[in-house]
Amino acid sequence: MKKLAVFLFAALLGATAQAAEYKIDTKGAHAFIQFRIKHLGYSWLYGRFDDFDGSFYYDDKAPEKSSVNVNIDVTSLNSNHAERDKHLRSADFLDTAKFPSATFKSTGFEPQGDGMAKLTGELTLRGVTKPITIDVTNIGGGKDPWGGYRQGFTGTAEFELKDFGIDYNLGPASQKVEMILDIEGIKI
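What you see is a predicted model, and the numbers here were worked out from it, not measured in a lab.

(A) Here's a closer look at the overall build of the chain. Scanning the chain for helices and strands turns up two helices and 11 strands. Dimensions along the principal axes, computed over C-alpha positions, put the chain at roughly 70 × 30 × 30 Å. Residues counted as buried form 37% of the 188 residues belonging to the chain. For the chain, long-range pairs separated by at least 24 residues make up 55% of all intrachain contacts whose partners lie at least 6 apart in sequence. Carbon and sulfur atoms provide 56% of the accessible area of the chain, an area that totals close to 11,100 Å². Considering the chain, the positive charge centre built from 22 side chains and the negative charge centre built from 25 side chains are found 4 Å apart.

Given below as structure tokens:
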């Protein structure tokens with residue numbers, strides 16, 4: 001009886017601790033890369049990138065070993081306004097004709113307690129690579145109804161446009177962009 005109890009306890013631990021590689025679920029539309037920037041300092045302009053893919057490694061028992069890789073099709077920018085999207089894709093901003101993709105590759109993951117962490121990495125945008133830090137919160141993980149296992153995170157980051165060669169003058173209130181990231185992964 002004692003061996004059965006130990007086996008069941010170990011099986012339960014194995015079911016909850018899923019150290020694994022996860023594919024970001026863009027197919028099921030359970031992941032989003034969004035941005036916002038102040039429009040002339042009077043309101044917020046929101047947008048998103050519709051096409052991206054990537055993967056991450058996560059172990060809830062050793063979160064410091066986590067890693068993330070993401071590829072973004074920058075031409076998929078969508079701010080819900082065709083003329084603005086055309087301008088944002090132009091050389092004034094993202095210059096998608098020259099730089100159709102962006103990437104993020106993590107370099108570190110520092111747990112902060114209560115499911116929060118600092119994810120550091122290299123963002124390459126518009127041909128420029130710079131370090132950024134993403135404030136991350138683990139939303140949760142578990143079995144899905146289709147027999148898979150999922151893990152979800154949300155995160156935010158902020159950077160200056162000029163750091164990536166974007167110097168179009170939108171006024172002093174519009175020098176920084178905020179990224180809002182919601183990622184759900186399916187265990188591979």
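Read on for the rest.
(B) Region of the structure containing the environment of Phe 109. Counting through the fold element by element, Phe 109 comes out in strand S7 (residues 101-113). For Phe 109, a relative accessible area of 13% translates into the label buried. Sequence-distant contacts of Phe 109, defined by excluding residues within four places in its chain, comprise Pro 63, Glu 64, Ser 66, Ala 117, Lys 118, Leu 119 and Val 136.

(C) Focus on the nonpolar core. With 41 residues, the main nonpolar core has Ile 33, Phe 49, Phe 52, Phe 56, Val 70, Phe 104 and Ile 134 as its most contacted residues. Among residues more than four places away in sequence, those in contact with Phe 56 are Ala 20, Glu 21, Tyr 22, Ile 24, Ser 67, Val 68, Gln 151, Phe 153, Ile 183 and Gly 185.

(D) Here's a closer look at the packing of aromatic side chains. Tallied over the entire structure, the rule returns six aromatic pairs. Measuring from centroid to centroid gives 5.7 Å for Phe 35 and Phe 49, while their planes differ by 45°, and the two rings are tilted. Highlighted residues: Phe 35 in strand S2 (residues 32-39) and Phe 49 in strand S3 (residues 43-49), separated in sequence by 14 residues. When its relative accessible area of 7% is taken as the criterion, Phe 35 is described as buried. According to the relative accessible area criterion, Phe 49 is buried, its value standing at 9%. Ring centres 4.9 Å apart and planes at 50° place the aromatic pair Phe 93 and Tyr 168 in the tilted group. Remark: Tyr 168 occurs in the loop between strand S10 (149-160) and strand S11 (176-187) and Phe 93 occurs in the loop between helix H2 (82-89) and S7; sequence separation between them is 75 residues. The exposure class assigned to Phe 93 is buried, which follows from its relative accessible area of 8%. Chaining the aromatic ring pairs together yields one cluster made of Tyr 22, Phe 56, Tyr 58 and Phe 153.

(E) Structural view of unusual backbone geometry. The residue Ala 29 is not glycine, and still its phi comes out positive at about 55°. Note on placement: Ala 29 falls in the loop between strand S1 (20-24) and S2. We classify Ala 29 as partly exposed; its relative accessible area is 46%. Residues other than glycine seldom take positive phi values, yet Asp 114 does so here, at roughly 55°. With respect to the secondary-structure elements, Asp 114 resides in the loop between S7 and strand S8 (116-125). Accessibility expressed as a relative area gives 80% for Asp 114, which makes it exposed.

(F) Focus on the layout of surface pockets. Of the pockets and cavities examined, the largest pocket occupies roughly 870 Å³. Residue lining of the largest pocket: 47 residues in total, with Ile 33, Phe 35, Phe 49, Phe 159 and Met 179 positioned closest to the centre. Looking at the lining of the largest pocket, its residues break down into 39 nonpolar, six polar and two charged.

Conventions and cut-offs
Residues numbered from 1 in each chain as written. Predicted model: local features only at pLDDT ≥ 70, side-chain atom pairs only at ≥ 80, totals over all residues. Heavy atoms only, no water. Helix = DSSP H or I, 4+ residues; strand = E, 2+ residues; numbered from the N terminus. Buried < 20%, exposed > 50% of the residue type's maximum accessible area, 1.4 Å probe, protein only. Contact = heavy atoms within 4.5 Å. Areas by Shrake-Rupley, 256 points an atom, 1.4 Å probe, with all protein chains shown as cover. Lys, Arg positive; Asp, Glu negative; His and termini not counted. Charge placed at Lys NZ, Arg CZ, Asp CG, Glu CD. Core = buried A, V, L, I, M, F, W, Y, C linked by side-chain atoms within 4.5 Å. Phe/Tyr/Trp six-rings, centres within 6.5 Å; stacked < 30°, edge-to-face > 60°. 1 Å grid on protein atoms, 1.4 Å probe; cavity = no way out; pocket = protein on both sides within 12 Å on 5 of 7 lines; lining within 4 Å. Points joined across faces, edges and corners; volume = space filled by probe spheres on them. Nonpolar A, V, L, I, M, F, W, Y, C, P; charged D, E, K, R; others polar.

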